[in-house]
Amino acid sequence: MIGTVLCYLLLPAARLFRALRDAFFTCRKKVLLAKSPATQVGGISSVPSRRSVPEEEEALLQQQQLEEEAGGLHSCESAPAVGKVSATLTSDWLEGSELLMTSLSNLNVASEVTWCSDQQHDELHTLMSLGPKEHVAVTLAKLPEEESVAVVGIAAWSAVRTQTDHQISGCTPSALEREDEDTAVLDWSLAHDTEIVPVEATAWPVYDTGQFQPFPAERSYHEILWRDWEDLCIQPAVPELGSENGPLFEFRVMSYNILAQDLVEQSPDLYLHCQPDILDWSYRLPNLLQEIQHWDPDVLCLQEVQENHYWEQLEPTFRMMGFVCLYKRRTGKKTDGCAVCYKHSRFQLISASPVEYFRPGLAILNRDNVGLVLLLQPLLPEGVGQKAASPLCVATTHVLYNPRRGDIKLAQMALLLAEVDKVAKTVDGSYCPVILCGDLNAVPDSPLYKFIRNGQLSYHGMPAWKVSGQEDFSQQLHQRKLQTPLWHSSLGITDNCQYVSLCQPKKSDRLKYSRDFLLQFRFCDAACERPAHLILWKGVTDVKPDRPAHWPKHLIVVNDPDPELFFPRSPGVIRHGLNLTSAYSHFLPQRGRPEVTTMPMGLGATVDYIFYSAEPIENGNEGGRRLYRDGALKLLGRLSLLSEDVLWLANGLPNPFCSSDHLCLLVSFGLEISSA
């Protein structure tokens, strides 16, 4: 018995981590932070004791062995690493230890075992011969009230509240003594008891996650959900201005789906994993505002913004924070929409264009989603001199969710791109820098994603569900497939995602040419030769025109109509010319896992994006994926995302720390400044 106990206690760390990790994956949604009814005894979370007397004797023997081996375990070369924790001895704590032993009963005994001495054997036999009350008294007599006990294994599986060196920013010792509250709620409430972190404060601390392991239950949401800031600058630039290639206007853009409260109440089944209190708007609003204020973006793009909350709470608060806000509510009876806010000290508004995707009479555009497109002029700081920065086009949208209707998603995106094309196009026909962000309800490398990034998509015959890649409906017998043309000509959008009214010349069924243009063909070869099958009529078809000597033999046509009018492009293909690439890589190399921006039904996915203008590399094509390099708009840094397994540990989204079912995206850009 004693040997078995010690074998389990001294299992190599790798075997123990692997066993616990496998157990963790079997209940992915019931994560470590899910709480069961518990009692608080001496500051230790525990379940009510229901053990029999023999079970209690065995548990006490295990605790006695732990106590006696604590002093000499560090000196044993074959023993695993041991961490010191402060523990109060109770019979309830012993139950947690016994449960650990039971859960590992099927593992093989490792060879690295340190056997106890004869004296320790005698003491254990003595304890076994005593009754429950007697051996509890003996054990308590040997241990001080608060004794440092060496515990082998992972702290997540013991009921001991560990004391770590790290202290949460702003937490006081008195706050940490409030042990009658739930641990998860307490961790977040500690942050709210303190003052809001000022904008100039340093970024939240970051922890190296390494290979995935179950996090201890005592760790706060702050520690689990730390997000690193990734500095992508080759040369650090002077704040706001300066780089190795010239001066830059630096600014931050945040995109955030903040989860409208009406949608929470309309779909309660999606949030059964959440405690009701953290879903209340009065709890979520301070969290969201604190997060936005902490990261201090210069441009803020929001989705799922409830209209009454915007006008009554969000817009007044953002105005006090120095933002100018514009809002577009979804059409129909929807109560939420999109908003774009910008710092009036950094930008000046040139134009604002709301986009409604609902078009009466068009079945492919019968949904109430919207978008918002702004043209902003950067305001350079004083002392720059005669320099200017290009205008910046910022667009945000929330595309239809329905995974089966990829045809609607493509049509909505075409409308948004047509508006961006109109707003961002300059006098010389080029485009100013563009930032397009929002909740697109499509996963990376899906056809919709590739269309935005690569600039074209061949869609004819494609199953509609495949466009977004959210779900796989390939097994269904009847599947909606995309047909050509994707939308009716009455929409006024070309296959190049441009407004027909802005394209010259206009494409119509009957081609019209000016008299001067037609006169260029007066003495062409076809006009100077009489067709063989032409009936000869005297005075009508018997005269052959003579080409004047000064007339060029090879005609050079001036002001020729668009060649596309004569040679239309292949049907079933849509294009755009904005040259957009994603600010995120969608993969976490240090963890070997994909990035996640949301967790619908407990499954992690990336559906939120920030695209920006870049320069395509000539002949740069890698497996059908267009390659880009930074142009006038440079990517300087970004706030890292999290992986699915990390969010499981925090009980998914939303949770007491993150008050939306999406993670925010934050990117730092630098815009080139040129001489005026």
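Residues numbered from 1 in each chain as written. Predicted model: local features only at pLDDT ≥ 70, side-chain atom pairs only at ≥ 80, totals over all residues. Heavy atoms only, no water.

Novice: Sorry, what's going on with the overall build of the protein chain here?
Specialist: On a plain count of helices and strands, the protein chain comes out with 19 helices and 24 strands. Within the protein chain, the proportion of its 676 residues that are buried is 47%. The contacts in the protein chain between residues at least 6 apart in sequence include a share of 75% that link residues at least 24 apart. When the accessible surface of the protein chain is summed, it comes to about 34200 Å², and 53% of that surface belongs to carbon and sulfur atoms. (Helix = DSSP H or I, 4+ residues; strand = E, 2+ residues; numbered from the N terminus. Buried < 20%, exposed > 50% of the residue type's maximum accessible area, 1.4 Å probe, protein only. Contact = heavy atoms within 4.5 Å. Areas by Shrake-Rupley, 256 points an atom, 1.4 Å probe, with all protein chains shown as cover.)

Novice: Got a minute to help me understand a nonpolar patch on the surface in this structure?
Specialist: Side chains of Y513, L518 and F521 sit close together on the surface and give an oily, nonpolar patch of about 250 Å² of accessible area. In this structure, Y513 sits in the loop between strand 15 (456–458) and helix 16 (515–519). For Y513, a relative accessible area of 30% translates into the label partly exposed. (Patch = residues over 30% accessible without salt bridge, like charges linked within 9 Å, V, L, I, M, F, W, Y side chains within 5 Å. Salt bridge = Lys/Arg side-chain N within 4 Å of Asp/Glu carboxyl O.)

Novice: Before we go on, may I ask you to explain the state of the cysteines in this structure?
Specialist: Structurally, a disulfide amounts to a covalent bond that connects the sulfur atoms of two cysteines. Evaluation of the coordinates by the stated rule reveals zero disulfides. Here C338 stays free of any disulfide, with the sulfur of C301 as its closest cysteine sulfur at 9.1 Å. (Disulfide = S-S within 2.5 Å.)

Novice: Just to check I follow, could you spell out the pattern of salt bridges for this structure?
Specialist: Pairing is possible between side chains of opposite charge, provided their charged atoms come close. Across all of its chains, the model carries 15 salt bridges by this definition. Between K328 and E356 there is a salt bridge, and its shortest N-O distance comes to 2.6 Å. Of the two residues, K328 sits in strand 8 (residues 323–329) while E356 sits in strand 10 (residues 347–356), which places them 28 residues apart along the sequence. Judged by its relative accessible area of 16%, K328 is buried. With its nearest N and O atoms 3.3 Å apart, the salt bridge here joins R593 to D645. Of this pair, R593 sits in strand 19 (residues 593–594) while D645 is found in helix 19 (residues 644–649), placing the two residues 52 residues apart along the sequence.

Novice: Whenever I open this one, the packing of helix 14 (residues 406–424) against helix 15 (residues 447–454) confuses me. Can you help?
Specialist: The relative placement of two packed helices is expressed as an angle between their axes plus a distance between the axes. One way to put it is that helix 14 packs onto helix 15 with a least axis distance of 11 Å and a crossing angle of 20°. Relative to helix 15, helix 14 is oriented roughly parallel. As for the relative orientation of helix 14 and helix 15, their crossing is right-handed in sense. On helix 15, the residues touching K409, L410, M413 and L417 of helix 14 are L448, F451 and I452. Looking at the contact of helix 14 with helix 15, its residues break down into six nonpolar, no polar and one charged. (Axes fitted to C-alpha atoms, helices over the stretch in contact; angles between N-to-C directions. Parallel < 35°, antiparallel > 145°, perpendicular 65-115°, else oblique. Left-handed = near helix turned anticlockwise from the far one by under 90°. Nonpolar A, V, L, I, M, F, W, Y, C, P; charged D, E, K, R; others polar.)

Novice: Which parts of the structure should I look at to understand the environment of G461?
Specialist: Here G461 is to be found in the loop between strand 15 and helix 16. With 111 residues separating them in the primary sequence, G461 and G572 have C-alpha atoms 8.5 Å apart. Each residue touching G461, except ones within four places of it in the same chain, is listed here: K481 and L482.

Novice: What's the story with the confidence of the model for the protein chain in this structure? I'm lost.
Specialist: Fine structural detail should not be taken from predicted coordinates in areas where pLDDT scores are low. Residues of the protein chain with pLDDT of at least 70 account for 61%, and the chain-wide mean is 73. Under a pLDDT of 50 for its full length, residues 5–14 has, in the predicted model, 28 contacts with residues more than four places off or in other chains. Confidence drops under pLDDT 50 across residues 235–243; counting only partners more than four residues distant or on other chains, this segment forms 19 contacts. (pLDDT = per-residue confidence, 0-100.)

Novice: What am I meant to see in the nonpolar core here?
Specialist: Note on soluble globular proteins: their nonpolar side chains tend to be buried together. Of all hydrophobic cores here, the largest spans 69 residues; its most connected members are L225, F251, V299, F318, I435 and F669. Excluding its chain neighbours within four sequence positions, the residues that come into contact with F251 are D298, R346, F347, L392, I435, L633, V667, S668, F669 and L671. L448, F451, W487 and L578 belong to the second largest nonpolar core, which has 49 residues in total. (Core = buried A, V, L, I, M, F, W, Y, C linked by side-chain atoms within 4.5 Å.)

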